[in-house]
Structure formats: structure tokens, C-alpha cells
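Descriptive structure summary
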Amino acid sequence: MSVVLQNSCGWVLDSRLLINRGYERCIGWKESKKLHFSCSFKRQCFQILKSYCSPSSTADMEGGHEHDDVLQKNKRPKKRKRKHSKLNQGEIDIKIFHEKIRPFIVEGTKSLVDSAQSIGYLDGERDTLMEALPSQECSLVALCEMAKELPLVEDEQKKWTQPLVTGESCASHVDLFSQVTENKQGYAVVVPLMGEEYVIPPNAAFLLSDFTRLQPLVQCGRRFDLIVIDPPWENKSVKRSRRYSFLPSSQLKRLPIPSLASQDCLVVTWVTNRPSHLRFVHDELYPHWGVQVLADWFWVKVTTSGEYVFPIDSQHKKPYEILVLGRYCSADTSRKPSEIPKIEDKCVIVSVPSALHSQKPSLSEVLRPFVGAEAECLELFARSLQPRWTSWGNEVLKFQHISYFNLTPAEACKDEATDDCTDEFSVPLREPGLPNASSPL
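In the nomenclature of an unreviewed UniProt entry, the chain is known as Methyltransferase like 4 of Nothobranchius furzeri.

Structure below.
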């Protein structure tokens with residue numbers, strides 16, 4: 001279980017353990033021969049050993065996708081302190097909001113960290129790795145921009161889904177931009193896509209596309225019981241750094257949530273620490289979709305020793321982010337309110353964050369009691385894949401690149417069928433004779 005513990009305040013998660021659970025069995029191909037091995041996400045990505053206590057050097061950052069190399073390096077050269085000036089209205093709003101929620105966060109975090117440390121978790125990393133973090137140049141956004149030049153297909157006979165693996169090998173042609181791609185196998189697969197190799201978890205589906213090209217996801221006919229949204233919120237630091245493309249808040253209303261949600265679907269949105277974004281979700285976005293707000297939760301980021309990654313009262317960078325949970329109220333719902341699991345307000349999720357830019361923890365195990373074990377789950381604006389989930393985004397494969405994983409030969413790799421296994425494994429898996437899955441570009 002990646003849920004290390006749970007109490008009345010919330011949960012402590014081991015994010016890396018949850019990722020690894022989907023890669024215990026992994027398959028690749030070399031010269032048309034199937035290779036069996038185990039796969040794990042690189043441990044150094046979750047070694048946040050020290051808190052970062054210099055607010056002045058994070059003055060340009062706010063919560064959300066701006067989770068950058070501050071946590072990767074844990075320490076950066078000191079910058080010149082900015083002159084003290086009178087707070088603007090936005091900073092005043094943040095301070096007031098912080099003081100309002102601070103007691104819930106402090107009390108919940110202390111309870112959860114104390115309980116975790118009593119069982120030997122969050123007591124400091126002893127076996128540290130000195131290896132550098134993987135640094136993969138991601139060109140997926142640019143490819144999605146190119147794909148927008150292709151005409152939209154309005155064809156009732158068009159297949160909106162496609163298999164990633166056919167028979168005993170990777171599909172020879174995969175259209176990543178206008179069809180939902182599925183790995184229907186009960187194991188992870190390493191596949192060549194667009195000239196790179198990616199690790200795709202079992203029973204996962206994804207669509208790589210721009211915000212304007214969501215049609216295949218809607219047309220494939222699935223309705224989801226859980227939808228998690230991680231919007232690229234607009235703010236000044238994002239505009240200055242050009243770290244990723246942002247989306248104005250008003251544009252989020254164009255997401256076709258009513259066309260994707262099942263009756264009583266649980267909708268969860270990651271929100272930055274700007275009160276204006278939280279008000280927008282509460283007062284405009286969820287009502288526009290017909291979603292009833294149920295609760296605000298807090299994800300608290302701590303080091304491997306259980307300390308906040310940033311000071312709790314830092315003026316600029318807070319050690320927490322917010323989750324807004326709501327229920328889609330479809331007109332044809334047949335369930336009584338008493339049949340729908342109740343969700344408590346002000347819960348806390350504590351975990352060591354990834355040092356990789358904007359990699360959020362999976363919420364699958366935390367939310368399972370509220371949607372059921374067999375729920376159809378969807379993540380929007382995803383940067384990684386999850387087993388048994390459908391994911392969409394213009395960087396949906398970013399953290400699936402093979403450079404983020406350690407691959408080792410499986411000791412007992414005899415397939416349940418008749419496949420012989422091999423003790424040899426070396427990367428790259430793709431050989432010149434193996435067909436390379438490609439896009440229509």
C-alpha cells in the first residue's frame with residue numbers, strides 16, 4: 001500500500017511506491033524477442049532531504065506547476081533580497097487566506113508526521129543517492145502544436161481508440177494525436193514512440209493533444225466516475241519563466257466535463273495558493289459544469305525527515321497546495337444522497353514531493369473509498385500515466401520516458417503462457433529491425 005497510514009486528519013502517502021506498483025511486471029521487445037523485467041521509478045527523484053528556508057530566493061514562485069529545481073537541488077545560491085514594500089492586494093488576500101487555513105494544516109500535518117515517525121517513516125533518509133536527477137528534454141508540446149495543423153476528422157465510422165500492443169509486439173503504427181491509445185495488457189510495456197522509448201503502465205489509456213483537440217476523448221464514449229484536473233494556472237512567474245504554457249482561468253470552462261462525467265462523478269481540481277483561483281473554482285468553474293463543491297483538502301509537502309519543504313509562514317512560497325472536491329450532479333442520477341459516500345472537509349495529505357517539476361502525487365488510493373474499486377478514472381492536463389486510468393494532456397507522456405526509470409531483468413520471468421524468458425537485458429530495447437510506432441506527422 002502506498003498509503004503509509006491514515007488517521008482522522010488525513011493520509012500519509014509514499015508517492016514513489018504507488019508509481020512502482022504499476023511496473024512490477026514489464027515487457028519489452030528486442031529483435032522481436034520478448035524480454036521480461038521489473039521497472040521502478042528512480043529513487044533520487046523523491047529524496048528531498050532538507051527544507052528550503054530562504055523565502056527571498058523564491059519570491060517569484062507560487063504553488064502549482066512552478067514546483068521547480070528548488071526542490072531538485074534543495075539549495076541554491078543566495079539572491080539579493082528584495083526591498084521590503086507594502087503588500088499589494090493579492091498578497092494581502094493570500095495572507096488572510098493562509099491565516100484562515102493554517103490551523104488545519106499545522107494540526108493535521110503534526111498528527112500525521114508524528115504517527116508516521118512512530119512507525120519508522122519520515123525519520124530521515126539514511127541511504128542517500130548521489131546520482132543526478134534525470135533531465136529529459138520534452139518536445140511533446142511542440143509536437144501537439146504541429147498536430148493542430150492536421151484537419152479534424154468528422155467521420156462516424158472513425159475508430160477513436162487504438163491498441164498499443166497487438167499480438168506479440170508493439171503496434172507498427174500508432175496515431176497518438178487523434179485517437180485514444182490503450183495498453184490493454186495486464187503488464188507494463190516499453191515501447192518506441194516518436195523516436196523515444198516510453199514505459200506505459202498496465203491497462204492505461206492516453207491521448208496526447210492540445211486543449212483544442214479533445215474530440216477523441218469525448219467521442220470514445222467513456223464516462224468517468226473520477227476526474228482529476230491539474231490546470232496550468234496563469235500567473236506572473238509562469239509568464240516570466242515561460243516554463244510551460246498556461247491557460248486563462250476562463251478557458252477552463254470549455255473543458256467538456258458534463259460529456260465525460262458519469263452520474264455522481266467525483267471531480268477533483270488542483271488549485272494554487274492564490275485565493276482568486278480558489279474562488280474561481282468554487283464560484284464559477286464548478287457551478288458552470290454542474291458540480292457541487294464538497295470539500296477543500298490540502299496536500300502538504302515535507303522532507304524525508306517530516307519537515308515542511310518551505311516555512312509554513314513563508315510570504316511567497318507555501319509548503320502546501322489545495323484540492324477542491326466536488327460531485328457532478330447529473331439530471332438522471334438515481335442514487336439517494338445517503339448512498340453516496342460522505343467526504344469530510346479540510347483533510348490533509350502528507351507526502352515527500354517529487355523533485356521533478358510539477359509531478360503531483362497520485363490520488364488513486366486515497367480517493368478509492370469515495371468512488372469504488374472499479375471506478376473509471378480520468379486525469380486532465382496529466383504529465384504521466386497511471387494503471388487503469390485514462391490520461392490526457394499535451395505532455396501526457398513526459399514522466400513516462402525511459403530515462404526516469406530503472407529497469408532490471410526479472411528473476412522469475414516465465415510468462416504464464418508459453419513464452420521463454422531471458423536473463424539478458426540492455427537498453428535501448430528498440431533495434432533497427434523493430435517497427436517504430438509513429439505519429440501521422
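Structure shown, so let's carry the discussion forward.
On to the overall build of the chain, then. Summing up its helical and strand segments, the chain has 9 helices and 19 strands in all. Split into buried and exposed, the 441 residues of the chain put 53% on the buried side. Taking the intrachain contacts of the chain between residues at least 6 apart in sequence as the baseline, contacts between residues at least 24 apart amount to 76%. Total accessible area on the chain stands at roughly 20,800 Å², and carbon and sulfur atoms take up 49% of it.

Another aspect to go through is the confidence of the model for the chain. Per-residue pLDDT for the chain averages 83, and the proportion of residues at 70 or more is 80%. This model gives residues 54-75 a pLDDT under 50, and the stretch forms 77 contacts once residues within four places in sequence are excluded. Taken together, the stretch residues 412-441 has pLDDT below 50 and engages in 73 contacts with residues farther than four places along the chain or on a different chain.

All right, on to the pairing of strand 8 (residues 180-183) then. Taking every second residue as pointing to the same face, both faces of strand 8 are buried, with V180 and E182 on one and T181 and N183 on the other. Bridge analysis of strand 5 (residues 161-163) against strand 8 gives 3 bridges, and the strand direction is parallel. Within the sheet, the bridge partner assigned to P163 lies in strand 8 and is E182. As defined by bridge partners, strand 8 adjoins strand 11 (residues 204-208) across 3 bridges and the pair is classed as antiparallel. From the neighbouring strand, T181 faces strand 11, where its bridge partner is F206.

Since the α-helix packs 3.6 residues into each turn, any two residues three or four apart lie on the same face. Within helix 4 (residues 140-147), burial applies to L140, L143, C144 and A147. Along the axis of helix 4, the buried residues cluster in a sector spanning 100°; they form a single face. Contacts made by the buried residues of helix 4 are with strand 10 (196-200) and strand 11.

Right, let's get into the packing of aromatic side chains. Under the defined criterion, the tally for this structure stands at 13 aromatic pairs. Between Y286 and W289 the ring centres are 6.1 Å apart and the planes differ by 35°, which places this aromatic pair in the tilted class. One end of the pair is Y286 and the other is W289, both in helix 8 (residues 275-289) and 3 residues apart, which spans about a single turn. This pair shows no difference in class: Y286 is buried, exactly as W289 is. Look at F381 and W392: their rings are 5.0 Å apart centre to centre, the planes differ by 65°, and that puts the pair in the edge-to-face class.

Attention now goes to the pattern of salt bridges. Within this structure, the stated rule accounts for 13 salt bridges. The shortest N-O distance in the salt bridge between R43 and E125 comes to 3.3 Å. Residue R43 is located in the loop between strand 4 (33-41) and helix 2 (69-73), and its partner E125 is located in the loop between helix 3 (89-118) and helix 4; the two are separated by 82 residues in the primary sequence. Its relative accessible area of 22% is what places R43 among the partly exposed residues. What you see here is one network of salt bridges that share partners, running through D230, K301, E321 and K360.

It is worth spelling out unusual backbone geometry at this point. One non-glycine residue, L122, lies in the positive phi region at around 60°. For L122, the location among the structural elements is in the loop between helix 3 and helix 4. On the accessibility criterion, L122 (5% relative accessible area) is buried. Positive phi outside glycine occurs at N203, with the angle close to 50°.

Where a strand is regular, its side chains alternate between the two sheet faces. Relative to strand 2 (residues 10-13), strand 1 (residues 3-7) runs antiparallel, the two being bridged by 4 bridges. Looking at strand 2, one finds that V3 is bridged to L13. The loop that links strand 1 with its antiparallel partner strand 2 comprises 2 residues. Two elements, strand 2 and strand 16 (residues 348-351), share 4 bridges in a ladder whose sense is parallel. Across the sheet, L13 pairs through a bridge with S351, a residue of strand 16.

With that out of the way, let us pick up the sheet that holds strand 9 (residues 188-193). The strand order across the open sheet built from 5 strands is 10-9-3-4-19, with neighbouring strands paired in mixed fashion. Strands at the two margins of the open sheet, each flanked by one partner only, are strand 10 and strand 19 (405-409). Averaged over all pairs of adjacent strands, the angle between strand axes in this sheet comes to 40°, irrespective of strand direction. As paired strands, strand 3 (residues 26-30) and strand 9 are joined by 2 bridges and run parallel to one another.

Bringing the sheet that holds strand 8 into the picture now. Neighbouring strands of a sheet are bound in pairs by backbone hydrogen bonds; such pairs are parallel or else antiparallel. Within the open sheet, the 12 strands sit side by side as 1-2-16-14-15-13-12-17-18-11-8-5. Their pairing is mixed. Looking at strand neighbours, the two that pair on one side only are strand 1 and strand 5, the edges of this open sheet. The mean inter-strand angle of the sheet, taken between neighbouring strand axes irrespective of direction, is 20°. Taken together, the 4 bridges between strand 12 (residues 224-229) and strand 17 (residues 377-380) define a ladder with parallel strand orientation. When the sheet's bridge partners are listed, I227 is paired in strand 17 with L378.

About the cut-offs
Residues numbered from 1 in each chain as written. Predicted model: local features only at pLDDT ≥ 70, side-chain atom pairs only at ≥ 80, totals over all residues. Heavy atoms only, no water. Helix = DSSP H or I, 4+ residues; strand = E, 2+ residues; numbered from the N terminus. Buried < 20%, exposed > 50% of the residue type's maximum accessible area, 1.4 Å probe, protein only. Contact = heavy atoms within 4.5 Å. Areas by Shrake-Rupley, 256 points an atom, 1.4 Å probe, with all protein chains shown as cover. pLDDT = per-residue confidence, 0-100. Pairing = 2+ DSSP bridges. Arc of directions from axis to C-beta. Phe/Tyr/Trp six-rings, centres within 6.5 Å; stacked < 30°, edge-to-face > 60°. Salt bridge = Lys/Arg side-chain N within 4 Å of Asp/Glu carboxyl O. Axes fitted to C-alpha atoms, helices over the stretch in contact; angles between N-to-C directions.

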